[in-house]
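Structural overview for review
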Amino acid sequence: MTRQMTGAKMVVQALKDQGVDTVFGYPGGAVLPIYDEIFQQNGIKHILVRHEQGAVHAAEGYARSTGKPGVCLVTSGPGATNAVTGLTDALLDSIPIVVLTGQVPTFMIGSDAFQEADTVGITRPCTKHNWLVKDTDKLSAKIHEAFHVATSGRPGPVLIDIPKDVQFASGTYTPPAKTPTGHYQPQVKGDMETITELVEAIEKAERPVFYTGGGVINSGPGASQLLRELVDATGFPITSTLMGLGAYPASGKGWLGMLGMHGLYEANLAMHGCDLMINVGARFDDRITGRIDAFSPKSRKAHIDIDPSSINKVIRVDMPIIGDVGHVLEDILKVWKARGRKVNSEGLSKWWTQIEKWKKVDCLKFKQEGPTIRPQYALSRLEELTKSHDRYICTEVGQHQMWAAQYLGFEDPNRWMTSGGLGTMGYGTPASIGVQIAHPESLVINVAGEASWLMNMQEMGTAVQYRLPVKQFILNNERLGMVRQWQELLHGERYSHSWSEALPDFVKLAEAFGAKGIYCDNPADLDDAIMEMINYDGPVIFDCVVEKHENCFPMIPSGEPHNKMLLGEASTKDAIGKSGAVLV
Amino acid sequence: MSPLHIKKGSTKHSAYNLRPTFSDHEETHTIAVLVDNEAGVLARVIGLFSGRGYNIESLTVAEVDHQGHLSRITIVTRGTPQVIEQIKAQLGRIVPVHEVHDLTVEGSSVERELALLKVAGNGDKRVEALRLADIFRAHVVDSTLESFVFQITGTPDKIDAFADLMRPLGLVEVARTGVAALSRGA
Ligand SMILES: Cc1cc2nc3c(=O)[nH]c(=O)nc-3n(C[C@H](O)[C@H](O)[C@H](O)COP(=O)(O)OP(=O)(O)OC[C@H]3O[C@@H](n4cnc5c(N)ncnc54)[C@H](O)[C@@H]3O)c2cc1C
Ligand SMILES: Cc1ncc(C[n+]2csc(CCOP(=O)(O)OP(=O)(O)O)c2C)c(N)n1
């Protein structure tokens, strides 16, 4: 079935055929024909954001919480350049999104036309792939290909730049099924020989640990299911990166908590002391490895990853398995079961005894005393009062993000939206909007720092316009807390520009947007205030005033190995050496 | 207080030494990449090298299959074995890339480069330039009373050697194509 239609109509038709229900966008001259088509149909809902960066983060939140690609539509020039931070964020966190940009007409490209920017040039290094489509006949096929590329293999952001004359011109529409998706077909099945080698290692290991990451989430809920089965059947301990939280439930018996720079004591020491490390969809990020030459020195390492470039990029592994987490875990389980479900029980029980000792250190313990709310207390209460809800958590970037990862428990995948790789302040508010759009009935909370929150606060307008009851839970320490912490540890307590000066009155700000504002600075009132936030049917800005000079622990100082963790205030002076100081 | 008794002060080790377990020895590799001949594909490949800090010693590109719209990019690069592996994996991720071949490790291969060299001079130097050109099987493709343009093909080393010899004899300008390479055998 082929049909003649304009390029603009094709865009809408292709999105519908790709199953898209929501587009986050912002209009402008170069996309007016597409907006005109959007106006004349009902199948696709358009969410008008307040800034194109917000559109991309909202699409990321939508994508991460549904497993479906997020879609954005923005204009040429400034519309496209405003999307760049979001694209880079999605690239680093492997989030599938499709961004459509308008471009000046083909005959004006290169003439410094009004709102012309070399969009494919600018976004080449921050997309998985991008296209400038100059021919209306090819437009629909390119859009279908874009969805294929964004969602297959290691997911990522793609961009299609569509000149205005291509939108106006008529051409032949090609529906998705008949579109050849080209040679781009990443390998999903793992090598059986290496899988068998890993199973043998699983059978013998005395001190194994699963180190899981965002790749499990990327692989879909089935992969999380298989992971749970494998972890529980083997009785191995499991830790996860920031990006993988929820793949294995926080209440599960193998759970050690998050690992890495601000990870849990038991998780990091298990990584340091293990004899078999099974990396499932994680990428040995520098927040995890710390000092490379002292990283888990005694272990054999397996690495399951769909992207060959992730293998041996940072850490040399012994058993590389290129493939999709779900497919590979299925094969591992099959082989392991067929060989009689063996594990080294004696070794394992000793290993768990050791781990239990580490757990007793209770590295997240804190005391709430005095009149000031400690951020850890605020998050513990938030956890307690919301964990039974159908809940999604977003965060901004900073200390609050790490505390959220430490003190909130995630029972399911796709419930945790955070900017890990790029660490983009301003991610959380728009992301929470994207999540709420996808899950209108759920409780969506953005755990924020006041500085990050101000970066994309204009999106409160979007929340109010579309009646999205997102809860902005701001841990207000009147500081760029994470920066302040580093200045304390690294720069002789010289707090250069890490103050949040001239902060707005958040309650009045909420009211100005037409949302509800809640203020709380008293530990005794906190529970009631949180309940008020949960029970309010509409968007809320919660100004939770917390201790100003709290530091986030545990912390592995930059350039140190896992077993050199700082657990609390006393040990922090000069803990980061000169060589560590150059690192971020 | 940390139960681990953190030592104060700096550590002696380089902090994020990314490659301690790999060989530090740098190698030169010739990599052939088959790509869709579409707009921007060369920029993607070059951007990958500059963005990730890899070296390009030589790069050639031309369409080799007009019907299939495929181009062949030949890149000569230098790096430690780990970097070379990363380069190949990173090239493989680029969507319009069909195949990546490391000709340096995949059996033996032939490499050729073409160069044009302008040598100006007269008298003995001119005679000597011609004599050496003959030894190197370089052809004269242009001449005036004061100059020659030599065309030479061969391995990059051979061209380097020829250019070195021409320098004292009045070498004015060199244009090189970069390396084209194919694996040997069927
Ligand atoms: C202030 C701050 C502090 C941080 N501190 C920490 C910390 O203490 N601990 C921590 O863990 N992180 C921390 N991070 C996050 C960190 O920067 C990285 O984003 C994170 O560790 C990377 O997670 P990941 O390894 O799971 O990889 P991801 O970025 O999620 O990458 C996923 C990997 O899985 C692969 N993959 C994708 N899909 C599939 C599939 N279907 N099958 C197989 N493989 C697949 C990909 O190729 C990739 O290699 C911090 C971030 C910030 C901003
Ligand atoms: C866009 C952007 N700019 C700068 C930074 C560097 N940075 C990381 S955390 C941080 C402070 C965040 O402060 P706040 O949002 O108040 O959170 P807190 O750490 O106090 O919880 C800064 C400036 C960043 N991550 N992103």
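Along each chain, residues carry numbers from 1 onward, in the same order as the chain's sequence is written. Ligands are numbered from 1 and chains lettered from A, in the order in which they are written. Under the rules for a predicted model, residues below a pLDDT of 70 receive no local features and side-chain atom pairs below 80 are neither given nor counted, while totals for whole chains, interfaces and linings still include all residues. The side-chain figures draw on all heavy atoms in the structure; neither hydrogens nor water molecules are used.

Residues and elements named next belong to chain A. Definition of nearness: a residue and a molecule or strand are near each other if at least one heavy atom of the residue lies within 4 Å of the molecule or strand. Near ligand 2 you find 17 residues, and of these Gln399, His400, Gly423, Ser452 and Gly481 are the closest. By the criterion applied in these results, polar contacts are pairs of N or O atoms within 3.5 Å in which, for protein atoms, one can donate a hydrogen and the other can accept it, and in which residues neighboring in sequence qualify only through two side-chain atoms. Met425 places a main-chain nitrogen or oxygen 3.4 Å from a nitrogen atom of ligand 2. Here the accessible surface of atoms and residues is derived via Shrake-Rupley with a 1.4 Å probe, and residues count as covered only by protein chains that are part of the display. When ligand 2 sits alone it has 580 Å² of accessible area, and the protein chains cover 76% of it. Each helix corresponds to a stretch of at least 4 residues labelled H or I by DSSP, and each strand to a stretch of at least 2 residues labelled E; elements are numbered beginning at the N terminus. If you list the elements that add at least two residues to the shell around ligand 2, you get α17 (399-407), α19 (450-455) and α21 (481-490). In terms of residues, the shell around ligand 2 owes the most to one element, α19, which gives four residues.

Residues and elements named next belong to chain A. Taken together, 37 residues are adjacent to ligand 1, and Gly214, Thr241, His262, Arg283 and Asp305 come closest. The contact in question runs from an oxygen atom of ligand 1 to an N or O atom on the backbone of Met261, over 3.1 Å. Here ligand 1 loses 96% of its free accessible area of 990 Å² to cover by the protein chains. If you list the elements that add at least two residues to the shell around ligand 1, you get α10 (214-219), α13 (286-289) and α17. Here the element with the most residues in the shell around ligand 1 is α10; it accounts for four residues. Residue composition of the shell around ligand 1, by class: 13 nonpolar, 17 polar and seven charged. Following the grouping adopted for this structure description, the nonpolar residues are Ala, Val, Leu, Ile, Met, Phe, Trp, Tyr, Cys and Pro, the charged ones are Asp, Glu, Lys and Arg, and the polar ones are all others, Gly among them.

Residues and elements named next belong to chain A. For two strands to be treated as a pair, DSSP must find no fewer than two bridges joining them. Here we have six strands laid out as an open sheet, ordered β11-β10-β9-β12-β13-β14, and parallel in their pairing. Of all strands in the sheet, those with a lone pairing partner are β11 (255-258) and β14 (319-322), marking the two edges. Each adjacent strand pair in this sheet contributes to an overall mean axis angle of 15°, direction not counted. Pairing analysis gives five bridges linking strand β12 (residues 276-280) to strand β13 (residues 300-305), with the strands arranged parallel. Of the residues in β13, the one forming a bridge with Ile278 is Ala302. The contact rule is simple, with two residues in contact once any of their heavy atoms fall within 4.5 Å. For every element, the axis is a line fit to its C-alpha atoms; helices are fit only across the contacting stretch, and the angle between N-to-C directions ranges from 0 to 180 degrees. Helix α11 (residues 221-234) contacts β9 (208-212) and β10 (238-240) of the sheet and is inclined by roughly 165° relative to β9. Against the sheet, helix α12 (residues 265-273) contacts β9, β10, β11 and β12, and its axis sits at roughly 105° relative to β11.

Here, UniProt's "domain: ACT" (unreviewed entry) annotation points to residues 30-105 of chain B. Segment residues 30-105 of chain B splits into 32% helix and 41% strand. End C-alpha atoms: 9 Å apart. UniProt positions are given in the numbering used here, feature names are shortened, and annotations may be inferred rather than shown by experiment.

Residues and elements named next belong to chain B. Structurally, the position occupied by Gln151 is in strand β7 (residues 147-154). Separated by 94 residues in the primary sequence, Gln151 and Glu57 have C-alpha atoms spaced 21 Å apart. Setting aside chain neighbours within four positions, we find Gln151 in contact with Leu114, Ala115, Leu116, Arg137, Ala138, His139 and Val141.

Let us look at the packing of helix α1 (residues 41-51) of chain B against helix α2 (residues 81-93) of chain B. Residues and elements named next belong to chain B. Where α1 contacts α2, the two axes come as close as 11 Å, and the packing angle between them is 145°. In the crossing of α1 with α2, the sense of the turn from one axis to the other is right-handed. Facing α1, whose interface residues are Val45, Leu48 and Phe49, α2 presents Ile87, Gln90 and Leu91. Tallied by class, the residues present in the contact of α1 with α2 amount to five nonpolar, one polar and no charged. Should the near helix be turned counterclockwise from the far one by less than a right angle, the crossing is left-handed, whereas a clockwise turn marks it as right-handed.

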